[in-house]
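Remarks on the overall topology
The primary structure of each chain is shown beneath.
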Amino acid sequence: MRKSLRAITAGTLVALLAATTAAPALAATADPVRQRLDVLTAQDGVPGAEAVIQDGHRTRVVRSGAGDIATGKPFPRNGSYRAGSVTKTFVATVVLQLVAEGRVRLDAPVARYLPGLLPDPRITVRQLLQHTSGLYNYTDDFDRTDPEALRHRGAEPAELVATALRHPALFPPGTKWSYSNTNYIVAGMLAEKVTGKALSDLIAHRITRPLGLHDTYLPRRGDERLPAPHAVGYLPLNGKLVDFSDFDATIAWAAGGLISTPADLNRFYGALLGGRLLRPAELAEMQRTVPADLGAPGGGYGLGLGRIPVTCGEFWGHQGGIIGFTNLAGVGPHDRRAVVVLNQNPPPAGANQHLYAATDAAVCP
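Everything in this summary refers to the structure shown in the same document. (Residues numbered from 1 in each chain as written. Predicted model: local features only at pLDDT ≥ 70, side-chain atom pairs only at ≥ 80, totals over all residues. Heavy atoms only, no water.)

1. Notes on the overall build of the protein
- Counting its regular elements, the protein contains twelve helices and twelve strands.
- Taking 365 residues into account, the globule formula puts the C-alpha radius of gyration at 21 Å, and the protein, at 19 Å, falls close to it.
- Counting only C-alpha atoms and orienting by the principal axes, one finds that the protein spans roughly 60 × 45 × 35 Å.
- Burial analysis of the protein (365 residues in total) assigns 61% to the buried set.
- Pairs at least 24 apart in sequence give 71% of the contacts found in the protein among residues at least 6 apart.
- Roughly 13900 Å² of accessible area belongs to the protein as shown, and the carbon and sulfur atoms make up 52% of that amount.
- Looking at the protein, you have 37 positive and 31 negative side-chain charges, and the mean spots of the two groups are 4 Å apart. (Helix = DSSP H or I, 4+ residues; strand = E, 2+ residues; numbered from the N terminus. Rg over C-alpha atoms; globule rule 2.2 N^0.38 Å. Buried < 20%, exposed > 50% of the residue type's maximum accessible area, 1.4 Å probe, protein only. Contact = heavy atoms within 4.5 Å. Areas by Shrake-Rupley, 256 points an atom, 1.4 Å probe, with all protein chains shown as cover. Lys, Arg positive; Asp, Glu negative; His and termini not counted. Charge placed at Lys NZ, Arg CZ, Asp CG, Glu CD.)

Okay, structure coming up:
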């Protein structure tokens, strides 16, 4: 049970891979993206799935299933949803902007900016963003037998780090790769300490406002509402699908608390990979990947950004999973952008594979 419930918290569905497992044979003229979304809803049992594809000035929306099982309505066009670990790309971008300004050094110890927080003074800023710090993943320590207890819980960053530090390090810093949400809680704290500003404000001032991402923000403690319009985010619990659209996502904070829309994320990843948010030097660091257990050969993890092999080249982005929603967002070859969203988390067995297949079909027409 513990393993199956890991996915209800931010970032536990971050395995980024390109799966091209096809849907059951359908007519050759059928839309391949719709085919794969239909597999997610009809075969896997996900309530609903949506792909929003941006190809130049053309936007295409493909939907399957229901955004609300009570009414049967589909996903609302460009509705809000909880983006989970896609948040990490935003946080890494803020930190790399601080690197460009000379306020943070990637290979400096975290202790330079947050003295006394971590027991191992060797852990560097790069290792946080790269998931090579060895810090224990704090979400593995949550009691998941009663997910309702998480709905209003919320948390402060220091509390989440303290939860992780009750466990020994997984390995010496820099020697292995292991995904840990704790890394990004610390990275968010570091950005706040260096600037003296709240992380939510840093994301707004440095990313969302300059890009015109009007529907993207990091909620603060006690803000449990998911703005309308939105699909219902479902949690499977005791054989039923429970509406978990509204809850306090500060239990994820810098690791996965972001609220956004497909249009905003397509714009964000296009701007990021197009060099509008980072200088070439910092973008190159972000795309400098290390081998990671991503479930497919050739994949890698950089600084808050995954490199995912697809049938037509490479897809740069991030997957996110948090109670109610699962998504994969990023940019494929020729600046073809795609966001695929499922309104269930954790998803049924096999759904991740079909999520990657839908993304592959979206960016490799």
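2. Notes on the nonpolar core
- The biggest cluster of nonpolar side chains holds 83 residues, and the ones touching the most others in it are Phe-90, Phe-268 and Met-286.
- A total of eight residues in this core trace back to one element, the largest contributor, which is helix α3 (residues 87-100).
- Listed in part, the 23 residues of the second largest apolar core include Val-46, Ile-308, Ala-338 and Ala-361. (Core = buried A, V, L, I, M, F, W, Y, C linked by side-chain atoms within 4.5 Å.)

3. Overview of the sheet that holds strand β9 (residues 306-310)
- Ordered by their spatial adjacency, eight strands build an open sheet running β2-β1-β12-β11-β10-β9-β8-β7, and the pairing between neighbours is antiparallel. The open sheet terminates on both sides in strands that have one partner only, identified here as β2 (58-65) and β7 (290-291).
- Where strand β1 (residues 48-55) lies against strand β12 (residues 337-342), six bridges are found, and the strand directions are antiparallel. Opposite Ala-51, over in β12, you have Val-340 as the bridge partner.
- Packing of helix α12 (residues 351-363) onto the sheet brings it into contact with β1, β9, β10 (313-322), β11 (325-331) and β12, and relative to β12 it is tilted by some 150 degrees. (Pairing = 2+ DSSP bridges. Axes fitted to C-alpha atoms, helices over the stretch in contact; angles between N-to-C directions.)

4. Re unusual backbone geometry
- Note that the residue after Ala-228, namely Pro-229, is joined by a cis bond; omega there is -5 degrees.
- Among the structural elements, Pro-229 can be located in the loop between α8 (199-211) and β4 (234-237).
- That bond from Asn-345 to Pro-346 is cis: its omega, 0 degrees, falls within 30 degrees of zero.
- Relative to the elements of secondary structure, Pro-346 occurs in the loop between β12 and α12.
- At Trp-253, a residue that is not glycine, the phi angle is positive and equals roughly 40 degrees.
- Here Trp-253 lies in helix α9 (residues 253-256).
- Accessibility expressed as a relative area gives 9% for Trp-253, which makes it buried.
- For His-334, which is not a glycine, the phi torsion comes out positive at approximately 60 degrees.
- With respect to the element layout, His-334 can be found in the loop between β11 and β12.

5. Re the pairing of β4
- Relative to strand β5 (residues 240-243), β4 runs antiparallel, the two being bridged by four bridges. In the sheet register, Tyr-234 faces β5, and the bridge partner there is Asp-243.
- Here β4 folds back onto β5 in antiparallel fashion, the turn holding two residues, of which Asn-238 has a positive phi close to 55 degrees.

6. Observations concerning the pairing of β11
- A large share of β11 lies buried, amounting to seven of its seven residues.
- Of the two faces of β11, the one lined by Phe-325, Asn-327, Ala-329 and Val-331 and the one lined by Thr-326, Leu-328 and Gly-330 are each fully buried.
- Taken together, the seven bridges between β10 and β11 define a ladder with antiparallel strand orientation. Each residue of the ladder has a partner; that of Trp-316, found in β11, is Val-331.
- Between the end of β10 and the start of β11, which pair antiparallel, lie two residues, with Gly-324 showing a positive phi angle near 100 degrees.
- Pairing geometry for β11 and β12, over six bridges, is antiparallel.

7. Observations concerning the state of the cysteines
- A full pass over the atoms with the stated rule returns one disulfide.
- One disulfide in the model links Cys-312 with Cys-364; its S-S distance is 2.0 Å. The sign of the -75 degrees torsion about the S-S bond sets the Cys-312-Cys-364 disulfide as left-handed. Here Cys-312 is found in the loop between β9 and β10, whereas its partner Cys-364 is found in the segment after α12, with 52 residues between them in sequence.
- By relative accessible area, Cys-312 is classed as partly exposed at 37%.
- The exposure class assigned to Cys-364 is buried, which follows from its relative accessible area of 14%. (Disulfide = S-S within 2.5 Å.)

8. With respect to the pattern of salt bridges
- According to the stated counting rule, one finds 17 salt bridges in the structure shown.
- A salt bridge links Asp-107 to Arg-126; the shortest N-O distance between them is 2.7 Å. With Asp-107 in the loop between α3 and α4 (125-130) and Arg-126 in helix α4, the pair connects residues that are 19 residues apart, well separated along the chain.
- Asp-107 gets classed as exposed once you look at its relative accessible area, which sits at 52%.
- In this structure, Glu-156 engages Arg-221 in a salt bridge whose closest nitrogen and oxygen atoms are separated by 2.8 Å. In this pair, Glu-156 sits in the loop between α5 (148-151) and α6 (157-165) while Arg-221 sits in the loop between α8 and β4, placing the two residues 65 residues apart along the sequence.
- Arg-221 sits in the partly exposed class, given a relative accessible area of 43%. (Salt bridge = Lys/Arg side-chain N within 4 Å of Asp/Glu carboxyl O.)

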